Amino acid sequence: MVCYASVNGKGVLLVGDSRTLPMIPSRSVAAIVTSPAYWVRGRGRQSASRYARRLAVEYGREWRRVLSARGDLWLVIGDRHDGNEWVGIDGLVADWFRRTGWSLQAKGLWAEHPSRARWDDRVNYLLRFKKAGRRSLPPDATICWQLPIPWSPPGSLWDATPSPVIRALLSLCAEGTVLDPFFGSGAVGVVAARMGRPWIGVEKDRSQALVAARRLRLRRVGPGHASVKTRLPLML
């Protein structure tokens, strides 16, 4: 497996598929903050439901394993109008995650404004899940923003979540390692590093992993490197 690490040893980026994370110990992650590839509009509500099911079943179960008992999962999910109606992707995702052992504890919104997107492509939900049986009190502050899409580094394929949103979500999570299993160009890693938090990124697309590595000034290392051994002891 290709690995990158930060100079200070607090960040590790893995090139791989986050449906299986055997290198990450169970219950070792304090927070998962991620924005999966969005469902593409125009394919109908049944297609959106299949997307939600795939996210919960194929990815969510492994996330449950690596997340600590009191940890948080924050999903940033974009809604879409499918040509007939708003799909309500937040409800579909929440329903499937409930079925697979999660409970929805908070909901927020990031609306793209000003936006270069169409009117039906601007709403992003922020969903906070905990493992079923765990709960957290709603935050005092309203989790809502109107922000433009942030700058993306050259070569980035996808738009990123704005830094103020990521920072606010992390501030609501327990201290400890942050995992982004859809790392993209590394926006979560950038904010986590600025907050002094250790982080792990997983990105399947090799070109995007390279973009993130350059952005975060990571070095390519082997599985036996000290940073990897510290963050991911099961790689040995």
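Conventions and cut-offs
- Residues numbered from 1 in each chain as written.
- Predicted model: local features only at pLDDT ≥ 70, side-chain atom pairs only at ≥ 80, totals over all residues.
- Heavy atoms only, no water.
- Axes fitted to C-alpha atoms, helices over the stretch in contact; angles between N-to-C directions.
- Helix = DSSP H or I, 4+ residues; strand = E, 2+ residues; numbered from the N terminus.
- Parallel < 35°, antiparallel > 145°, perpendicular 65-115°, else oblique.
- Left-handed = near helix turned anticlockwise from the far one by under 90°.
- Contact = heavy atoms within 4.5 Å.
- Nonpolar A, V, L, I, M, F, W, Y, C, P; charged D, E, K, R; others polar.
- Core = buried A, V, L, I, M, F, W, Y, C linked by side-chain atoms within 4.5 Å.
- Buried < 20%, exposed > 50% of the residue type's maximum accessible area, 1.4 Å probe, protein only.
- Salt bridge = Lys/Arg side-chain N within 4 Å of Asp/Glu carboxyl O.
- Expected span 1.5 Å × (residues − 1).
- Bend = angle between axes of the 7 residues up to and from the residue.

Caption draft 1: Seen up close, the packing of helix 1 (residues 45–66) against helix 2 (residues 89–99). In the contact formed by helix 1 and helix 2, the axes pass within 8 Å of each other and the chain directions differ by 40°. With respect to helix 2, the axis of helix 1 lies oblique. Seen from above, helix 1 lies across helix 2 with right-handed handedness. Note on element contacts: helix 2 touches helix 1 through Ile 89, Leu 92, Val 93, Trp 96 and Phe 97, opposite Arg 45, Ala 48, Ser 49, Tyr 51, Ala 52, Arg 53, Leu 55, Ala 56, Gly 60 and Trp 63. Residue classes in the contact of helix 1 with helix 2 are distributed as 11 nonpolar, two polar and two charged.

Caption draft 2: Layout of the nonpolar core. Core analysis: the largest hydrophobic core is formed by 38 residues, its most contacted members being Trp 63 and Phe 97. Per-element accounting of this core gives the leading share, eight residues, to helix 1. Apart from residues lying up to four places away in sequence, Phe 97 is in contact with Leu 55, Ala 56, Gly 60, Trp 63, Leu 73, Leu 75, Trp 102 and Phe 129.

Caption draft 3: Looking closely at the pattern of salt bridges. Applying the stated criterion across every chain yields a total of nine salt bridges. Between Arg 19 and Asp 17 there is a salt bridge, and its shortest N-O distance comes to 2.6 Å. We classify Arg 19 as partly exposed; its relative accessible area is 27%. Assessed through its relative accessible area of 23%, Asp 17 is described here as partly exposed. A salt bridge links Asp 72 to Arg 128; the nearest nitrogen and oxygen atoms lie 2.9 Å apart. Taken together, the residues span a long stretch of sequence, with Asp 72 in strand 4 (residues 67–78) and Arg 128 in strand 6 (residues 123–131) at a distance of 56 residues. Taking the relative accessible area as the measure of exposure, Arg 128 reaches 5% and is therefore buried. Look at the salt bridges and you will find they share partners, linking Asp 17, Arg 19, Arg 54, Glu 58 and Lys 204 into a network.

Caption draft 4: A look at helix 4 (residues 187–194). Of all eight residues that make up helix 4, six are buried, and the element is covered over most of its length. Looking at helix 4, one finds that the buried residues are Ala 187, Val 188, Gly 189, Val 190, Val 191 and Ala 192. The inward-facing, buried residues of helix 4 contact strand 3 (29–34), helix 3 (163–171), strand 8 (178–180), strand 9 (199–203) and helix 5 (206–215).

Caption draft 5: Quick peek at the packing of helix 3 against helix 4. Two elements in contact, helix 3 and helix 4, have axes separated by 10 Å at closest approach and are oriented at 60°. With respect to their mutual orientation, helix 3 and helix 4 come out oblique. The element helix 3 and its partner helix 4 pack so that their crossing is right-handed. Across the interface between the two elements, Ser 163, Ile 166, Arg 167 and Leu 170 from helix 3 touch Ala 187, Val 188, Val 191, Ala 192 and Arg 194 from helix 4.

Caption draft 6: Spatial organisation of helix 1. Its 22 residues give helix 1 an end-to-end C-alpha distance of 31 Å, which sits within 8% of 32 Å, the value for a rise of 1.5 Å per residue. The sharpest bend along helix 1 measures roughly 45° and falls at Gly 60. Listed in full, the buried residues belonging to helix 1 are Ser 47, Ala 48, Tyr 51, Ala 52, Leu 55, Ala 56, Val 57, Tyr 59, Gly 60, Glu 62, Trp 63 and Val 66. Against the buried residues of helix 1 lie strand 3, strand 4, helix 2, strand 5 (102–112) and strand 8.

Scope: geometric values only; no functional claims are made or implied.
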